[in-house]
Amino acid sequence: LDNNIYLFSFLTGTTIQQFYAHDDTITALCFKKVRKFDWQFQDKLISCSIDQTIKLWSLDKPDSFKNADKTLYDHEEEIIAAVVCPQYDSNLLATADVDGQIIIRDLTEPESPLCHIKPDLEYEPPECVSILFNQQSSLQPDSKTCDIFIAINNQLFYYNLDGEELKTSGFSAN
């Protein structure tokens with residue numbers, strides 16, 4: 001709408017800070033404590049936009065919102081969804097664009113995506129994209145890492161982090 005990010009106080013209901021973030025509508029925000037070393041974490045805000053960029057903001061610096069720490073340009077279409085892996089020691093971020101492409105990256109090395117996933121859709125373009133990291137897998141019980149579920153239109157895709165499709169099924173919202 002106005003391409004700004006607003007930080008609010010839930011206690012007072014007021015805007016604490018507002019800053020210009022993207023050249024087009026912001027479509028997703030995520031927060032993650034990113035492990036830099038075994039003993040050090042850094043608070044990150046991740047913003048995604050229709051301008052096809054992902055921006056990483058450090059919340060640890062006083063002037064955090066003057067400039068993004070990193071701007072990533074991997075997507076060729078508008079980014080419409082983003083999710084971070086909730087696992088405590090994971091630094092994974094997955095983003096999706098309107099073409100249905102999912103990019104997974106480790107936030108400690110965000111310029112080098114771990115994998116690109118492009119599900120084989122029954123019909124395009126995707127009308128609705130949702131992403132969910134899954135820490136415990138019944139399909140891969142010995143897995144020590146997260147896997148990822150992707151819901152696009154009326155299809156559910158299940159991938160590992162190597163980009164290998166493990167299972168696909170259709171579903172109905174009725």
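Below is a summary of the structure that appears in this document. (Residues numbered from 1 in each chain as written. Predicted model: local features only at pLDDT ≥ 70, side-chain atom pairs only at ≥ 80, totals over all residues. Heavy atoms only, no water.)

**Thoughts on the pattern of salt bridges**
For the structure shown, the criterion picks out four salt bridges. For the salt bridge of K33 with D43, the shortest nitrogen-to-oxygen distance reads 2.7 Å. Within this pair, whereas K33 is found in strand β3 (residues 26-37), its partner D43 is found in strand β4 (residues 40-49), the two being separated by ten residues in sequence. Its salt-bridge partner being R105, residue D74 comes within 2.7 Å of it at the nearest N-O pair. You can see D74 sitting in the loop between β6 (70-72) and β7 (79-84) and its partner R105 sitting in strand β9 (residues 102-106), a full 31 residues away along the chain. (Salt bridge = Lys/Arg side-chain N within 4 Å of Asp/Glu carboxyl O. Helix = DSSP H or I, 4+ residues; strand = E, 2+ residues; numbered from the N terminus.)

**Quick notes on the nonpolar core**
One finds I102, I131, F133 and I148 to be the most contacted residues of the largest nonpolar core, which totals 21 residues. Secondary-structure elements contributing two or more residues to this core are β7, β8 (92-97), β9, β10 (115-117), β11 (129-134), β12 (147-152) and β13 (155-159). With sequence-adjacent residues up to four places away left out, I148 is seen in contact with A94, I104, I117, I131, L132, F133, F157, Y158 and Y159. (Core = buried A, V, L, I, M, F, W, Y, C linked by side-chain atoms within 4.5 Å. Buried < 20%, exposed > 50% of the residue type's maximum accessible area, 1.4 Å probe, protein only. Contact = heavy atoms within 4.5 Å.)

**Looking at the sheet that holds β10**
Sheet strands line up and pair through hydrogen bonds in the backbone, either parallel or antiparallel. Overall, antiparallel pairing links the four strands, which are arranged β7-β8-β9-β10 in an open sheet. Strand pairing shows two members of the sheet lacking a second neighbour, β7 and β10, which therefore form its edges. With strand direction ignored, the average angle separating the axes of adjacent strands in the sheet is 20°. Here β7 runs beside β8; their pairing, made up of five bridges, is antiparallel. (Pairing = 2+ DSSP bridges. Axes fitted to C-alpha atoms, helices over the stretch in contact; angles between N-to-C directions.)

**Some thoughts on the sheet that holds strand β14 (residues 165-170)**
Here we have four strands laid out as an open sheet, ordered β11-β12-β13-β14, and antiparallel in their pairing. The open sheet is flanked by β11 and β14, the only strands paired with a single partner. Adjacent strand axes in the sheet meet at a mean angle of 15° when their direction is disregarded. Here β13 runs beside β14; their pairing, made up of five bridges, is antiparallel. Each residue of the ladder has a partner; that of Y158, found in β14, is K167.

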